[in-house]
Amino acid sequence: MLGISDFGLFLVAVLLLNATPGPDTAYILGRSIAQGRSAGLMSAFGISAGCCVHALASAIGLSAILAASATAFTFIKLAGGAYLIYLGIRMMLAKPGGPSTADTVRDVRPHKTIFLQAMVTNVLNPKVILFFLAFIPQFVRSDAPQKTLAFLLLGVAFAVISMFWNSGTAFLAGTLARRAGRNPRVKLWLERVVGATFVGLGAKLALTKT
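Calculation rules
- Residues numbered from 1 in each chain as written.
- Predicted model: local features only at pLDDT ≥ 70, side-chain atom pairs only at ≥ 80, totals over all residues.
- Heavy atoms only, no water.
- Helix = DSSP H or I, 4+ residues; strand = E, 2+ residues; numbered from the N terminus.
- Buried < 20%, exposed > 50% of the residue type's maximum accessible area, 1.4 Å probe, protein only.
- Contact = heavy atoms within 4.5 Å.
- Expected span 1.5 Å × (residues − 1).
- Arc of directions from axis to C-beta.
- Axes fitted to C-alpha atoms, helices over the stretch in contact; angles between N-to-C directions.
- Parallel < 35°, antiparallel > 145°, perpendicular 65-115°, else oblique.
- Left-handed = near helix turned anticlockwise from the far one by under 90°.
- Phe/Tyr/Trp six-rings, centres within 6.5 Å; stacked < 30°, edge-to-face > 60°.
- Nonpolar A, V, L, I, M, F, W, Y, C, P; charged D, E, K, R; others polar.
- pLDDT = per-residue confidence, 0-100.
- Disulfide = S-S within 2.5 Å.
- Core = buried A, V, L, I, M, F, W, Y, C linked by side-chain atoms within 4.5 Å.

## Observations regarding the overall build of the protein chain
(1) Moving on: Assigned secondary structure in the protein chain consists of 9 helices and 0 strands.
(2) Moving on: Listed N to C, the secondary structure of the protein chain is α-α-α-α-α-α-α-α-α in terms of helices and strands.
(3) Moving on: Taking all 210 residues of the protein chain together, the buried fraction comes to 45%.
(4) Moving on: Contacts in the protein chain between residues at least 24 apart in sequence constitute 86% of all its contacts with a sequence separation of at least 6.

See below:
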């Protein structure tokens, strides 16, 4: 009724796209390893909120404006890359806990902060902007009577699927981190590996021409 076509194919494509690792997955893994399943789940909710922001921006045309403006797009790309590098360095500099703090979680952040950081990580990813511009329009007919609503519906569907996928990732990573947490040194090195991944992704995001 809204002019959406091949909705089933859209759902399959979204699942496949979510299976591809990127900054969002790295952030969820990082928080799950550092702070447990609840933090990972909050990260997943934040990523989904960022997807909703992109969906709204696409529906009202802001994403097209950003993509058309070289200056604005470059700013978003550099800001997103710098933010990922900052998060990665923060994880890499985490200090090991002593024997008395083996069961204490380091770098504990409030859930509200985790949610906002995850959302910012998603919103500042220029590749997500381009994804919404290039991907979602393929499933909206040119003669759709309610193009804005169609964009919003597809965007929300994308966010919901992402939330379930990312929640599963957070749960699995948090469970593995809990087991690794019995050995603080293993957990510390896991955090450093994820932090280094953040730095690499941030540099690639900022330097790659899109």
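## Examining helix 6 (residues 111–123)
(1) Moving on: Between its first and last C-alpha atoms helix 6 spans 18 Å; for 13 residues at 1.5 Å apiece the expected length is 18 Å, and the two agree.
(2) Moving on: For helix 6, the set of buried residues is Ile114, Gln117, Ala118, Thr121 and Asn122. The buried residues of helix 6 occupy an angular sector of 135° when projected down its axis, which confines them to one face.

## Quick word on unusual backbone geometry
(1) Moving on: Of note, the phi angle at Asp6 is positive, near 55°, even though the residue is not glycine.
(2) Moving on: With respect to the secondary-structure elements, Asp6 resides in the segment before helix 1 (7–18).
(3) Moving on: Among the residues examined, Asp6 registers a relative accessible area of 51% and is labelled exposed.

## Some details on the packing of helix 2 (residues 23–35) against helix 3 (residues 37–60)
Packed helix pairs are characterised by how far apart their axes lie and by the angle those axes make with each other.
(1) Moving on: At a minimum axis distance of 7 Å, the contact between helix 2 and helix 3 shows a crossing angle of 155°. On the basis of the axis angle, helix 2 is roughly antiparallel to helix 3. Between helix 2 and helix 3 lies a crossing whose hand is right-handed. On helix 3, the residues touching Asp24, Tyr27, Ile28, Arg31, Ser32 and Gln35 of helix 2 are Arg37, Ala39, Gly40, Ser43, Ala44 and Ile47.

## What to know about the packing of aromatic side chains
(1) Moving on: Considering all chains together, one arrives at 1 aromatic pair under this definition.
(2) Moving on: With a centroid separation of 6.0 Å and an interplanar angle of 20°, the aromatic rings of Phe7 and Phe10 are classed as stacked. Of the two residues, Phe7 and Phe10 are both situated in helix 1; the distance of 3 residues between them amounts to about one turn of the helix.

## Quick word on the packing of helix 3 against helix 7 (residues 126–134)
(1) Moving on: Running from amino to carboxyl end, helix 3 crosses helix 7 at an angle of 50°, the nearest separation of the two axes being 10 Å. Classified by the angle between their axes, helix 3 and helix 7 sit oblique to one another. As for how helix 3 packs across helix 7, the hand of that crossing is right-handed. Along the contact surface, helix 3 presents Cys51, His54, Ala55 and Ser58, while helix 7 presents Val128, Ile129 and Phe132.
(2) Moving on: Its residues placed into classes, the contact of helix 3 with helix 7 shows 5 nonpolar, 2 polar and no charged.

## Quick word on the confidence of the model for the protein chain
(1) Moving on: Residues of the protein chain with pLDDT of at least 70 account for 79%, and the chain-wide mean is 77.
(2) Moving on: Looking across the protein chain, the model is least confident in helix 4 (residues 62–68), with a mean pLDDT of 61, and most confident in helix 6, with 91.
(3) Moving on: A low-confidence stretch, residues 98–105 (pLDDT under 50), is modelled with 5 contacts involving residues beyond four sequence positions or located in other chains.

## Topic: the state of the cysteines
(1) Moving on: The full count for this structure, using the stated rule, is 0 disulfides.
(2) Moving on: Of the cysteine sulfurs around Cys51, a residue in no disulfide, the closest is that of Cys52, at 7.0 Å.
(3) Moving on: Residue classification places Cys51 among the buried positions, given a relative accessible area of 2%.

## Quick notes on the nonpolar core
(1) Moving on: One finds Phe10, Phe132, Phe135, Ile136 and Phe158 to be the most contacted residues of the largest nonpolar core, which totals 21 residues.
(2) Moving on: Listing elements by their share of this core, those giving two or more residues are helix 1, helix 3, helix 7 and helix 8 (147–180).
(3) Moving on: Here Ile136 is in contact with Phe10, Phe131, Phe151, Leu154 and Gly155, once residues within four sequence places are set aside.
(4) Moving on: Counting residues in each nonpolar core, the second largest holds 18 residues, with Tyr27, Ala44, Leu87 and Met91 among its members.

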